[in-house]
Amino acid sequence: MSATATASIASPKRPPVLRLGGWLSLPVRARSLVLGGILVVAILATGLATLTLGKLGIAPSNLLPTLLGQGEGRDEIVLTAFRGPRLVVGIAAGAALAVSGALFQTVTRNPLGSPDVIGLTSGASAGAAAFGLMWPGILPLPVGALVGAFVAMALVYVGTGTGFSSPSRMLLIGIGVSAMSLAFVQWVLVRAGREQATVLATYLNGSLAARDWDHAATIWTAIVVLIPSALLLSRRLQLVEMGDEQADALGARSTSARALSILVAIGLATAAVSVAGPVSFIALVAPQIARRLSRSAGPNILASALMGAFLLSLADLLTQQLPFDVTLPVGVLTAILGGIYLGYLLIAQWRKGTI
Amino acid sequence: MTATVAPTSAGISPGARRRTPRLAVGLIVTAGALVVLVGLSLAVGTKYVPLPDVWNALFAPGDTYADAVVASRIPRTILGLLVGAALAVAGGVMQGLTRNPLADPGLFGVNTGAAAAIVTATALGVGAGTSVWIALPGAFIAVVIVYLIGSGRGRSTPVRLVLAGVVVSSVLAAYIQAVSLTLPRVFDAYRFWAVGSLAGRNPQLIVDILPFVILGLVLALSLCGSLNALALGDDTARALGAHVGRTRILGAIATTLLCAAATAAVGPISFVGLAVPHIVRSITGADHRWLLPYCVVAGPALLIAADIIGRVIVSPAELMVGVITAFVGGPILLLAVRRMRAAA
């Protein structure tokens, strides 16, 4: 009995490793590859549905010519002005939020330490509101959102008194920080005299309605720069998960790995918030599902990114096609579903006695 | 020797008796501050009415413009009084019952539960407007769900209950958003109410919620002694002759009544129930026989002050009072969490 157990430990299956020179080595696991493939297909299918379904949808037979730039006028407008940017922004924002969540959850060693739970996304939206509506022109909106996110995280870090180490304190302080940020956003909105439901809904719930290619450029720039950085950090973070002493002994330099990861995570979440508003719970849920499906340790950056992109574009497709008079902001849908998941997660955590 | 030390009535130590005059004076001063704030609430706004004119408008009303302005501010001021007292006392009782420094009807999802019930009823076309009778079951169900999630298997810690409350209220808040954004009829009615606002409420509401608030306050104040005993732990409380189970049930009834009435009138307002007992406790200490009466006076003072600030800072527009209380309450939550030592 014990002999078989030792045998299986002694000969672990070592996955093949992808190496780029001396500075990047990522293990390639068959399960992750299959999962990634399925998710890519799922994202493509969602994208196809987003472009073709509904009153404004492009007829499937016209889709290919339109994508190649040879479509009719109406299809062309739908693709370039309505559905296209929305889809592209949605995919990228979902991926950014999910990677941000994956990094935060790994650094805090707790699934509840997500940017949307600890007040980062609300802080970013407060920054966006301040520099977008109250003092327009001083800073570009994404930079303003970044300032807000940093202020919120500094408040959480100082407020807990124990840094980012106690998840339950982070959550409680995060509740206070989000409440204050959202109150600030409401103040700015009322002051700016913009009480239109749409503006409010975007800033408070997160929405992908009426996105344009500028938004797409912002979020994709962030993704292209920051997700590779996250990948570079992921091996060190995987070691940090074992505890600081072991990680340091193995050369992971846990403190700097953690600080860099938090910077990258704040950048990604902020970019997503500045184009889509504080869409809640994607950052919490996507890395969790990805982790469970890929069954591997560490932050699972790529799987999380794909899962986030899929979840957000799917949620947005649902909000577009649900039979209501008015399209809901996508954040309302993710808040309902993600909130239920958060409840499940909490119960599971205190069964284990983590909180 | 023993005769001099032995307390004459339940639990009053000589030290406490020495504090009594000081606390009584403090209560009178707080009440005085509340009267001033009520006066300001009638005077301040888009159209400022000088205080002497407010006095005239109240006691020798004519038909001048100033009189009309003051009259229009009376309902929101009275609502502020009732709702502030209700929420603050509900928070104080909750903190005592659960021995939880983070208890707040808003954080525990009670107010959002009541709000969700009202929005549902309006969407379905049941019941007329914001009735307390519709809010009550919503508030009650939310309390039960939060306690079930928060205390399922094992001891319910302060942190668990708050987190459970956050889950329940975030799901319900998203539900309220979904319903009100899809049904324009509901949206128009609840756009401001859903954030918590004293402005533009029907004066009839005051009459509607008055019996609930009075009943809840009387019930809560009658529990002061038992809450003091409960603070020592269930076993000690029982040994001292307190009815632990009965106190819990009566306290839950009182808080549900108070929260449902307050939410039905002005929408879900968070943090008043958290902040006021914390501020008051720094003056009175943990004795509920002083804590709750102070809450009755200080709750309305905070809410009316927040309402006045909301009218001034974005003049000529108005900021909903729930926004101001969130901004005041957030830092107090920070302080409360930092004070919790081993609990987290």
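Residues numbered from 1 in each chain as written. Chains lettered and ligands numbered in written order. Predicted model: local features only at pLDDT ≥ 70, side-chain atom pairs only at ≥ 80, totals over all residues. Heavy atoms only, no water.

## Things to note about the overall build of chain B
So, step 1. Scanning chain B from N- to C-terminus turns up 15 helices and zero strands.
So, step 2. For chain B, buried positions account for 54% of its 344 residues.
So, step 3. Of all intrachain contacts in chain B linking residues separated by at least 6 positions in sequence, the fraction that spans at least 24 positions is 76%.
So, step 4. Within the structure as shown, chain B displays about 14500 Å² of accessible surface, and the carbon and sulfur contribution to it stands at 69%. (Helix = DSSP H or I, 4+ residues; strand = E, 2+ residues; numbered from the N terminus. Buried < 20%, exposed > 50% of the residue type's maximum accessible area, 1.4 Å probe, protein only. Contact = heavy atoms within 4.5 Å. Areas by Shrake-Rupley, 256 points an atom, 1.4 Å probe, with all protein chains shown as cover.)

## Points about the environment of B:Leu291
All names here are of chain B.
So, step 1. Secondary-structure assignment places leucine 291 in helix H14 (residues 288-313).
So, step 2. Here leucine 291 falls in the buried class, since its relative accessible area comes to 0%.
So, step 3. Taking the C-alpha atoms as reference, leucine 291 lies 8.9 Å from valine 89; in sequence the two are 202 residues apart.
So, step 4. Ignoring anything within four residues of it in the chain, the contact list for leucine 291 reads Pro277, Val280, Arg281, Thr284 and Gly285.

## With respect to helix H12 (residues 244-266) of chain B
So, step 1. If you check H12(B), its first and last C-alpha atoms are 33 Å apart, about what 23 residues at 1.5 Å a residue would give, namely 33 Å.
So, step 2. In the stretch just after H12(B), B:Gly267 is the one whose phi turns positive, near 90°. (Expected span 1.5 Å × (residues − 1).)

## Re the packing of aromatic side chains
So, step 1. Within the structure shown, the criterion is met by four aromatic pairs over all chains.
So, step 2. Where A:Tyr341 meets A:Tyr344, the ring centres are 5.7 Å apart and the plane angle is 50°; that geometry is what we call tilted. With a gap of three residues between them, A:Tyr341 and A:Tyr344 both fall in helix H14 (residues 330-352), about one helical turn apart.
So, step 3. For A:Tyr344, a relative accessible area of 45% gives the class partly exposed.
So, step 4. Here the aromatic rings of B:Trp290 and B:Tyr294 are separated by 6.4 Å at their centres, their planes lie at 70°, and the arrangement is edge-to-face. (Phe/Tyr/Trp six-rings, centres within 6.5 Å; stacked < 30°, edge-to-face > 60°.)

## Some thoughts on the confidence of the model for chain A
All names here are of chain A.
So, step 1. Overall, the prediction assigns chain A a mean pLDDT of 81, with 88% of residues at 70 or greater.
So, step 2. Across chain A, helix H13 (residues 301-321) holds the top mean pLDDT of 90, while helix H1 (residues 2-10) sits lowest at 42.
So, step 3. Scored below 50 in pLDDT, residues 1-11 makes zero contacts in the model with residues more than four places away or belonging to other chains. (pLDDT = per-residue confidence, 0-100.)

## Quick word on the environment of B:Met320
Residue and element names in this part refer to chain B.
So, step 1. Note that methionine 320 resides in the loop between H14 and helix H15 (321-339).
So, step 2. Take methionine 320: its relative accessible area is 8%, and that puts it in the buried class.
So, step 3. C-alpha of methionine 320 to C-alpha of tryptophan 290: the two residues are 30 residues apart in sequence and 31 Å apart in space.

## Some details on helix H6 (residues 132-151) of chain B
So, step 1. Along its 20 residues, H6(B) runs 28 Å from first to last C-alpha, staying within 8% of the 28 Å computed at 1.5 Å per residue.
So, step 2. Every buried residue belonging to H6(B) is among B:Val132, B:Ile134, B:Ala135, B:Leu136, B:Gly138, B:Ala139, B:Ala142, B:Val143, B:Val146, B:Ile149 and B:Gly150, and all of these are buried.

## With respect to the environment of B:Gly106
Residues and elements named next belong to chain B.
So, step 1. Locating glycine 106 in the fold gives a position in the loop between helix H4 (65-97) and helix H5 (110-124).
So, step 2. Residue classification places glycine 106 among the buried positions, given a relative accessible area of 6%.
So, step 3. Spatially, the C-alpha atoms of glycine 106 and valine 162 are 9.8 Å apart, while their sequence positions differ by 56 residues.
So, step 4. With residues near it in sequence (within four places) discarded, glycine 106 still touches Asn111, Ser169 and Ser270.

## Section: the interface of chain B and chain A
Accessible area lost when the parts come together is the quantity often used to give the size of an interface.
So, step 1. At the interface, 42 residues of chain B touch 39 residues of chain A.
So, step 2. Taken over both partners, the interface formed by chain B and chain A buries close to 3600 Å², and the fraction arising from carbon and sulfur atoms is 77%.
So, step 3. If you look at where chain B meets chain A, you find zero residue pairs in polar contact (both at pLDDT 80 or more).
So, step 4. Within the residue set of the side of chain B that touches chain A, elements represented by two or more residues are H6, helix H7 (158-182) and H15 of chain B.
So, step 5. Here the side of chain B that touches chain A gets 15 residues from one element, more than from any other, and that element is H7(B).
So, step 6. Here the residues of the side of chain B that touches chain A sort into 31 nonpolar, five polar and six charged. (Buried area = accessible area lost by both parts, 1.4 Å probe. Polar contact = N/O pair within 3.5 Å; in protein donor to acceptor, adjacent residues only side chain to side chain. Nonpolar A, V, L, I, M, F, W, Y, C, P; charged D, E, K, R; others polar.)

## Comments concerning the side chain of A:Gln288
Residue and element names in this part refer to chain A.
So, step 1. Tracing the chain through its elements places glutamine 288 in helix H12 (residues 282-294).
So, step 2. The class of glutamine 288 is buried, set by a relative accessible area of 6%.
So, step 3. Setting aside anything within four residues of it in sequence, one finds glutamine 288 in contact with Gln105, Pro111, Tyr341 and Leu345.

## Notes on the pattern of salt bridges
So, step 1. Per the stated rule, a full pass over the model turns up five salt bridges over all chains.
So, step 2. We note a salt bridge from A:Arg86 to A:Asp316, for which the minimum N-O separation is 2.8 Å. Note that A:Arg86 is positioned in helix H4 (residues 73-107) and A:Asp316 in helix H13, a separation of 230 residues in sequence.
So, step 3. A salt bridge links B:Asp235 to B:Arg238; the nearest nitrogen and oxygen atoms lie 3.6 Å apart. Of the two residues, B:Asp235 and B:Arg238 are both situated in helix H11 (residues 234-239); the distance of three residues between them amounts to about one turn of the helix.
So, step 4. One network of salt bridges, with partners in common, ties together B:Arg76, B:Asp307 and B:Arg311. (Salt bridge = Lys/Arg side-chain N within 4 Å of Asp/Glu carboxyl O.)

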